[in-house]
Amino acid sequence: MGEIFDPDEEPDGDALAPHDFYVGVAMALFGSAQVWPYYPATGAGFAFIGLLVALDDVIEHMTTYATPLDQVWKRVIYSIVSRIEAT
């Protein structure tokens, strides 16, 4: 498998680093445990979006495919951060 995809070559290849997976799982747990009992639609939304964020990170680290959140980071957020840092 090292010939196809080596996670150590990626800048965020550390499996124990707090990536989007942990943020997504925390968001899903918060939505289902804290919000859902009082606001079911909002809690379900938090849980669903959290699971999508976690799944996006799993796919990003398992394959070489560009995931939607990765594209948002590269095309939108990183360019804004770069402009702010340049000033």
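Because the structure is predicted, anything quoted here is derived from the model rather than measured.

Asks: What is the right way to look at the environment of Leu51 in this model?
Replies: Among the secondary structure elements, Leu51 is positioned in helix α2 (residues 40–62). Considered as a pair, Leu51 and Ala28 are 23 residues apart in the sequence and their alpha carbons are 6.0 Å apart. Look past the residues within four positions of Leu51 in its chain and what remains in contact with it is Gly24 and Ala28.

Asks: Sorry, what's going on with the side chain of Asp70 here?
Replies: Its location among the elements puts Asp70 in helix α3 (residues 68–86). Exposure remark for Asp70: the relative accessible area of 14% places this residue in the buried category.

Asks: Sorry, what's going on with the packing of helix α1 (residues 20–35) against α2 here?
Replies: A pair of packed helices can be characterised by two numbers: the angle between their axes and the separation between those axes. The geometry of α1 relative to α2 is characterised by a closest axis approach of 7 Å and an angle of 165° between their N-to-C directions. As judged from the angle between their axes, α1 and α2 are roughly antiparallel. Considering only the axes of α1 and α2, their crossing is left-handed. Of the residues in α2, those in contact with Asp20, Phe21, Gly24, Val25, Met27, Ala28, Phe30, Gly31, Ser32 and Val35 of α1 are Thr42, Gly43, Phe46, Ala47, Ile49, Gly50, Leu51, Val53, Ala54, Asp57 and Val58.

Asks: What is the right way to look at α2 in this model?
Replies: Note on helix geometry: an α-helix contains 3.6 residues per turn, so any two residues three or four positions apart are oriented the same way. Helix length check: α2 (23 residues) gives 33 Å between terminal C-alpha atoms against 33 Å at 1.5 Å per residue, within 8%. Those residues of α2 not exposed but buried are Gly43, Ala47, Gly50, Val53, Ala54, Asp56, Asp57 and Glu60. Contacts made by the buried residues of α2 are with α1 and α3.

Asks: Help me understand the packing of aromatic side chains, please; the structure alone is not making it clear to me.
Replies: Two aromatic rings are characterised by how far apart their centres lie and by the angle between their planes. Going through the model one piece at a time under the given rule, you end up with 3 aromatic pairs. Between the aromatic rings of Phe21 and Tyr22, the centroid separation amounts to 5.7 Å while the plane-to-plane angle is 75°, which identifies the pairing as edge-to-face. Relative accessible area serves as the criterion here: at 33%, Phe21 is assigned to the partly exposed category. Of the residues examined, Tyr22 reaches a relative accessible area of 38% and is grouped as partly exposed. Ring geometry for Phe30 versus Phe46: centroids 5.9 Å apart, planes at 70°, classification edge-to-face. Taken together, the positions of Phe30 in helix α1 and Phe46 in helix α2 put the pair 16 residues apart, joining distant regions of the chain. Under the relative-accessibility criterion, Phe30 is labelled partly exposed at 42%.

Definitions and cut-offs
Residues numbered from 1 in each chain as written. Predicted model: local features only at pLDDT ≥ 70, side-chain atom pairs only at ≥ 80, totals over all residues. Heavy atoms only, no water. Helix = DSSP H or I, 4+ residues; strand = E, 2+ residues; numbered from the N terminus. Contact = heavy atoms within 4.5 Å. Buried < 20%, exposed > 50% of the residue type's maximum accessible area, 1.4 Å probe, protein only. Axes fitted to C-alpha atoms, helices over the stretch in contact; angles between N-to-C directions. Parallel < 35°, antiparallel > 145°, perpendicular 65-115°, else oblique. Left-handed = near helix turned anticlockwise from the far one by under 90°. Expected span 1.5 Å × (residues − 1). Phe/Tyr/Trp six-rings, centres within 6.5 Å; stacked < 30°, edge-to-face > 60°.

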